[in-house]
Amino acid sequence: MGAVKRILITGANGFVGRAAVREARAQGLDVIALYRRNPLPEWADDPAIFSQQADLSDLESAYLLRDITQDAQAVIHAAAHLGDDPARHAEDTLRATKTVLTTLNGTEATLVLVSSIAVYDTMALQPGDQVTETSPLENPDKARDAYAEAKLRQEELCTESGHPLWIMRPGAVYGPSRSWHALLGFWASKFHVQINSEGQLPLVHVDHLAKSLVAAALAEPPGILALNVVDDDLPTRARFLAAHRKLFGWPKLTVPIRFGLWLSLARLMSRWQDRLPGLLREPVLRARVMPLGYPNVALRSALGGADEASFEVMLAKCKEGEA
């Protein structure tokens, strides 16, 4: 593959896709911005952004897109369903990925898949373990939820395609208007119940993620390579809550509960787990709040780069972006 001059970005008007478009343009790359419904206003005045509407869940879109993607040397595939609806995943994650792969058939374009750190089997880990690219993956037939299953099957589709492939597994992505996430505990009226204050939070700022995605698009992968994408400076839950409260003023009332105690409760209630909320089901609980470490050594070794600033500074940028 020659030098990368143009990249195709799916889900380009989404949270991650929008940041990837912005980063690609900052590096002087032409962008084909693929969106389902509404193009972003900032694209209109940039002649190096070619915006194209397409519904990737319709496999016929692949044949319509082939002409405009022939000149793209890389594809960042960010389009996917982010919720837990199996039907939506079947269409917006898996069928959409099949469309992208059909579009790339016969080309040498590098594929950069935006997967998720949710693919790892935390039932096979113990508190204090490190989650690395060699950690065991979940069995998609027994995945803890629809999102994890879809991401596992999406990775399988891309791996089997034969395209040069970067599998990027970001942690919880945060940024302007998305400072909070589901890895901290739960709300009980005005109280935030914080489960566990140890271990690292696998966070990645959306701008840092965009830089890693574009760096992958510019590099030729050694066949197929999976990388966990998390920031260099990962806070504990206690540090995150303190910083968030200082900047945003909430949560004001926090009730801390040790992970081991809550895990014991979840196990006592396991016979009813099909009717219980996620954090009372052990596989979900362990995936979200078990104290673990998340090194990004492989990411930095393969693609280089570094955080723009500390966690507290990047969280402050979230508030500035909202303003």
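Scroll up to find the structure.
Residues numbered from 1 in each chain as written. Predicted model: local features only at pLDDT ≥ 70, side-chain atom pairs only at ≥ 80, totals over all residues. Heavy atoms only, no water.

Right, let's talk about the packing of aromatic side chains for a bit. One pass over the structure, following the stated rule, counts 8 aromatic pairs. Summarising the aromatic geometry, the rings of Tyr-35 and Trp-43 are spaced 6.2 Å apart at their centres and angled 55 degrees between planes, so their arrangement reads as tilted. The class of Trp-43 is buried, set by a relative accessible area of 5%. A cation over a ring is seen here: Arg-178 above Phe-15, with NZ or CZ 4.3 Å from the ring centre. (Phe/Tyr/Trp six-rings, centres within 6.5 Å; stacked < 30°, edge-to-face > 60°. Buried < 20%, exposed > 50% of the residue type's maximum accessible area, 1.4 Å probe, protein only. Lys NZ or Arg CZ within 6 Å of the ring centre and 35° of its normal.)

On the surface, Phe-191, Leu-253 and Val-255 cluster together to form a nonpolar patch covering roughly 230 Å² of accessible area. Tracing the backbone shows Phe-191 in strand S9 (residues 191–195). The class for Phe-191 is partly exposed, based on a relative accessible area of 39%. (Patch = residues over 30% accessible without salt bridge, like charges linked within 9 Å, V, L, I, M, F, W, Y side chains within 5 Å. Areas by Shrake-Rupley, 256 points an atom, 1.4 Å probe, with all protein chains shown as cover. Salt bridge = Lys/Arg side-chain N within 4 Å of Asp/Glu carboxyl O. Helix = DSSP H or I, 4+ residues; strand = E, 2+ residues; numbered from the N terminus.)

Further remarks concern the environment of Ala-96. With respect to the element layout, Ala-96 can be found in helix H3 (residues 86–104). For the pair Ala-96 and Ala-79, spaced 17 residues apart in sequence, the C-alpha to C-alpha distance is 7.5 Å. Leave out the neighbours within four places in its chain, and Ala-96 touches Leu-56, Ser-57, His-77 and Glu-91. (Contact = heavy atoms within 4.5 Å.)

This paragraph deals with helix H7 (residues 259–268). Restricting attention to buried positions, one finds in H7 the residues Phe-259, Trp-262, Leu-263 and Ala-266. Here the buried residues of H7 occupy an arc of 105 degrees about the axis, which is enough to place them on one side. Exposed side chains of H7 directed beyond 90 degrees from the buried face belong to Leu-261 and Leu-268. Looking at the packing, one finds that the buried side of H7 touches strand S8 (185–188), S9, strand S12 (253–257) and helix H8 (282–289). (Arc of directions from axis to C-beta.)

Note that every value here comes from positions in space, so none of it alone points to a role or purpose.
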